Amino acid sequence: MQAEQVEISNFLSQYRPFDELTTEARDALAQSIEIAYFRAGTEILHFRDTIEDLYIVRSGSVEVFRRNGELHNRLDEGGIFGQMGLLMNGKVRFPVTALDDTLVYCIPDEMFKHYCAEYDDFADYFEADDVGILRSTVSRSVELSDLTTVKVKTILTRSPVTASPDWTVQEAARHMGEEDVSFLLICTTDVQSGKNVLNLVGVLTEDHLRHSIVAEGMPLTTLISEVMSTDYKVLDSNDYMFEAMLMMLRFNQKHLPVMNRQEPIGALTLSDILRHESQSSLLFVKGIFAQQTVKDLTVYAKQLPAVYVRMVNEDANSHMIGTAMAVIGRSIKQHLLTLAEEVFGPPPVPYCFLALGSMARDEQLLITDQDNALLFDNDYRAEEHEAYFIKLAKFVSDGLAACGYTYCTGDIMATNPQWRKTFTEWQECFAGWIDNPDPQALLNCSIFFDLDGVYGEIKLADTLKAFVAQHAKSNPRFLASLARTALNRTPPLGFFKNFVMEPDGRHGQSINLKRRGTAPLSDVIRVHALAVGSSSQNSFDRLDDVIEAGILPDGKGRELSDALEYISMVRIRHQAQDVEQGEPPDNTINPKYLSTFEKRNLREAFQILDKAQQFLKYRYTAQTSLK
């Protein structure tokens, strides 16, 4: 193959779907490619002309248009165009013009269709549109949600504790005590390629010592090799938890060595499995209410990152994880309030403790502060009752902070007297924000319009939510103002749909997935939800209500759901990875650490957000009469 063709093959290997091809297949494709050059402004493809090649942008940039002349997309290096015409009827469907001086690679139609026939991944890439690929990715992750997908290597907590077969049993017993284990992996050491490699030759347990030395009276100088078991079972590092549990049951084993490429990397024990199971989110919630004091609860809450990581490793989707984390947060609040009432006595008037923001939406992740408020029955009298609730609010707020929920920097907490109101006062407050949507009122909306009762008289919160939903729906001026506010946080995409990064102290140039992704998506969805009178709080539930109301173009609601799910999962996996690496979790990523496939889907999700914001501008104006 000529040097120029090698260079083409290497270029293709950086981009989907060519990176999925074998090197041989990619090399063969490179040898069939022709190169074309177009000056800026040249029309490369004209609508309905015959098309004979698939095009890949090697350098420069192009604009792709719809038949009505509307701009459809801009493509730069690695971008592909012409596939729709080749797959439909051999006629150009989307005209293309060179935006800059542009070099393109041309793959002949015959070769393109041959590769579609031979390689499923290659064909799937072209037969689904961009949104379809994102949807396929999201669906696949949901289908994989199975609690039997945890691999044993992910729950190992320490390196193997080993001993040599020529040690005495006395040395072995002393080593067990020092390492606080009840068994040893007996290994010899081989040298392979200049590196020491452990070779497992047996296992020694406390049972061996008890039966051989204590029961049979063998001397303490007996060598391990004389009493160890050589008839042992092992697990592969990629075996699943259920396989390990079945093996333990079948062979009555309490410890199983875990091997990676014939070398022991640890041992799985029954206590490892029990500890893993105790990190189940359901069991974790049950354990919250078993804690007797705030101090106990604080210690117990330190397990929360491990619970989070477990859910991620079990391929739970963002809705499941967000809901589970919100339930855990609510449970901690509920238990703190129970403890507070034990300390300060029963409340003097009925009240409801409110969760706001992500907890109310069931979209809470690992990094979160505490947004909360108090809602009183109208019998509340400040001069008689305020002292009690000041103490209660401080007790709960301090307890949440001790459990890892940091104080709200904006002071949106029940400790702030501004956010302790009677039902009527809250009604008047929301009505004022809706009727007079000044900048501060609109800022409050992004937090207070996501509210949920977590303790006490929950029906007060439910009634307040119904009032807000009904009042907001009938006020086009408020919805128009809220829609404009929802455009303040834009997706991180540049002119060519490339990522626009921001300086970040820890990661250098990076993207904040919350500020630029999930938060503006939630803002967009909230506006639509209020417009249709939805009282749902979760963004996915709100989207269901919005889709049912029929105010979005066909398919756009589903696209928003897919985009929210994908960006959320990138953020969630990044946080879990930080925890596993001992780093403080955050919401930022550097795209250079993402695969080409991940970048493409993330870019598509941001494009959906961009289009959704454009639609928001079109739909909501103060003069518009809404459906």
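Here the structure is a predicted model, which means the values were calculated and not measured.

What counts, and where the lines are drawn
- Residues numbered from 1 in each chain as written.
- Predicted model: local features only at pLDDT ≥ 70, side-chain atom pairs only at ≥ 80, totals over all residues.
- Heavy atoms only, no water.
- Helix = DSSP H or I, 4+ residues; strand = E, 2+ residues; numbered from the N terminus.
- Buried < 20%, exposed > 50% of the residue type's maximum accessible area, 1.4 Å probe, protein only.
- Contact = heavy atoms within 4.5 Å.
- Areas by Shrake-Rupley, 256 points an atom, 1.4 Å probe, with all protein chains shown as cover.
- Lys, Arg positive; Asp, Glu negative; His and termini not counted.
- Charge placed at Lys NZ, Arg CZ, Asp CG, Glu CD.
- UniProt positions renumbered as here; feature names shortened; annotations may be inferred.
- Arc of directions from axis to C-beta.
- Axes fitted to C-alpha atoms, helices over the stretch in contact; angles between N-to-C directions.
- Left-handed = near helix turned anticlockwise from the far one by under 90°.
- Nonpolar A, V, L, I, M, F, W, Y, C, P; charged D, E, K, R; others polar.
- Pairing = 2+ DSSP bridges.
- Phe/Tyr/Trp six-rings, centres within 6.5 Å; stacked < 30°, edge-to-face > 60°.
- Lys NZ or Arg CZ within 6 Å of the ring centre and 35° of its normal.
- Core = buried A, V, L, I, M, F, W, Y, C linked by side-chain atoms within 4.5 Å.

Engineer: What is the right way to look at the overall build of the chain in this model?
Structural biologist: When helices and strands are tallied, the chain shows 24 helices and 21 strands. Counting every position in the chain, which comprises 627 residues, the buried fraction comes to 50%. In the chain, the proportion of contacts linking residues at least 24 apart, taken out of those at least 6 apart, comes to 71%. With the model as given, the accessible surface of the chain reaches about 29600 Å², and the carbon-plus-sulfur share is 49%. Each charge class in the chain was averaged separately, 61 positive and 87 negative side chains, and the resulting centres sit 5 Å apart.

Engineer: I tried to follow the UniProt feature "domain: CBS" (unreviewed entry) in the chain on my own but got confused; where do I start?
Structural biologist: The positions UniProt marks with the feature "domain: CBS" (unreviewed entry) are residues 156–220 and 228–283. In the segment residues 156–220, helix accounts for 32% and strand for 35%; the C-alpha atoms at its two ends are 32 Å apart.

Engineer: Is there a simple way to think about helix α4 (residues 109–118) in this case?
Structural biologist: An α-helical segment advances 3.6 residues per turn. Residues three or four places apart therefore align on the same side. What α4 keeps buried is the set Phe112, Tyr115 and Cys116. Seen end-on, α4 carries its buried residues on one side only, within an arc spanning 105 degrees. Turned more than 90 degrees away from the buried face of α4 sit Glu110 and Ala117, all of them exposed.

Engineer: I keep staring at the packing of helix α21 (residues 514–531) against helix α24 (residues 596–619) and nothing clicks. Help me out?
Structural biologist: Geometrically, a packed helix pair is captured by the angle between its two axes and the distance between the axes. Between α21 and α24, whose axes approach to 10 Å, the crossing angle comes to 35 degrees. In this structure, α21 crosses over α24, and the sense of that crossing is left-handed. Counted together, Arg516, Gly517, Pro520, Leu521, Val524, Val527 and His528 of α21 and Phe606, Leu609, Ala612, Gln613, Phe615 and Leu616 of α24 form the full contact between these two elements. Residues that form the contact of α21 with α24 fall into these classes: nine nonpolar, three polar and one charged.

Engineer: Looking at this model, I keep getting lost on the sheet that holds strand β7 (residues 96–98). Mind explaining?
Structural biologist: Backbone-to-backbone hydrogen bonds join strands into a sheet, with any given pair of strands oriented parallel or antiparallel. Pairing is antiparallel across the open sheet formed by four strands, whose spatial order is β2-β7-β4-β5. The sheet is open, and its two edges are formed by β2 (43–45) and β5 (71–75), each paired on a single side. On average, adjacent strands in this sheet sit at an angle of 25 degrees to one another, irrespective of strand direction. Across two bridges, the pairing between β2 and β7 is antiparallel. Along β7, the bridge assignment pairs Leu45 with Val96.

Engineer: What is the right way to look at the packing of aromatic side chains in this model?
Structural biologist: Summed over all chains, the structure comprises 26 aromatic pairs. Residues Tyr55 and Phe81 carry aromatic rings whose centres are separated by 4.9 Å and whose planes lie at 0 degrees to one another, so their mutual orientation is stacked. Within this pair, whereas Tyr55 is found in strand β3 (residues 53–59), its partner Phe81 is found in strand β6 (residues 80–81), the two being separated by 26 residues in sequence. What makes Phe81 buried here is its relative accessible area of 3%. Members of the aromatic cluster, joined through ring pairs, are Trp419, Trp426, Phe430, Trp433, Phe448, Phe449 and Phe478. Directly above the ring of Phe499 sits Arg603, whose terminal nitrogen or CZ lies 5.0 Å from the centroid.

Engineer: Would you mind showing me how to read the nonpolar core here?
Structural biologist: Soluble globular proteins: nonpolar side chains tend toward being buried together. Counting residues in each nonpolar core, the largest one holds 65 residues, and the members touching the most others are Leu375, Trp426, Phe430, Phe449, Phe478 and Leu602. Those residues in contact with Phe430 that lie beyond four places of it in its chain are Phe448, Phe449, Leu451, Leu464, Phe467 and Val468. Residues Tyr300, Leu339, Phe389 and Ala393 belong to the second largest nonpolar core, which totals 48 residues.

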